[in-house]
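Spelled out from the first residue to the last, the chains are:
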Amino acid sequence: MKNSVFNVNTKKWFIAAGIRAIKTFAQAAIAMIPAAVTITQVDWKVVLGSALLAAVVSLLTSVAGIPEVTEE
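Numbering of residues starts from 1 in each chain and follows the order in which that chain's sequence is written. Since the coordinates come from a predicted model, pLDDT governs what is reported: local features require at least 70, and pairs of side-chain atoms require 80 or more to be given and counted, while whole-chain, interface and lining totals use all residues. With hydrogens and water set aside, each side-chain value is computed from the structure's full complement of heavy atoms.

Engineer: Got a minute to help me understand the packing of aromatic side chains in this structure?
Structural biologist: Two measures describe an aromatic ring pair: the distance that separates the ring centres and the angle between the ring planes. Centres within 6.5 Å make a pair out of two Phe, Tyr or Trp rings, where for Trp the six-membered ring is used; the pair is then stacked when the planes are under 30 degrees apart, edge-to-face when over 60, and tilted otherwise. Enumeration according to the criterion identifies one aromatic pair in this entry. Geometrically, the ring pair formed by Trp13 and Phe14 is edge-to-face, given 5.0 Å between the ring centres and 80° between the ring planes. Here's how the labels work: a residue is buried when its accessible area is under 20% of the maximum for its type, exposed when over 50%, partly exposed in between, all with a 1.4 Å probe on protein chains only. Given the relative accessible area of 4%, Trp13 is considered buried. Looking at Phe14, the relative accessible area reads 53%, which means it is exposed.

Engineer: Can you help me understand a nonpolar patch on the surface in this one?
Structural biologist: Patch criteria: residues need more than 30% relative accessible area and no salt bridge. Like-charged residues are merged within 9 Å; nonpolar side chains of Val, Leu, Ile, Met, Phe, Trp and Tyr are merged within 5 Å. Reported accessibility uses the Shrake-Rupley method at a 1.4 Å probe radius. Residues are deemed covered only where the shown protein chains occlude them. Just to be clear on terms, a salt bridge is a Lys or Arg side-chain nitrogen sitting within 4 Å of an Asp or Glu carboxyl oxygen. Together, Ile39, Trp44 and Leu48 give the surface a local cluster of nonpolar side chains, amounting to about 310 Å² of exposed area. Secondary structure elements follow DSSP: runs of H or I of four or more residues count as helices, runs of E of two or more count as strands, with numbering from the N terminus. Position of Trp44 relative to the elements: it lies in helix α2 (residues 44–62).

Engineer: Any chance you could explain the environment of Ala64 here in plain terms?
Structural biologist: Relative to the helices and strands, Ala64 resides in the segment after α2. Once the C-alpha coordinates of Ala64 and Phe6 are considered, the two residues, 58 residues apart in sequence, prove to be 8.9 Å apart.

As structure tokens, this is what we get:
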């Protein structure tokens, strides 16, 4: 597994994976908001839950490898 968490600098991996997860969280949250007609009709529990799930999946996917972090 090239650039996986098991063969790179762990601190760099956590930083890169965290940045990816935050970006994924924001993208998922923003994508769900337009589903409501007005901001008061947004179901924030669903938005935050879905965005959190996307961030967790991003972190788990990053275990296989992140191009931003190279092997040492």
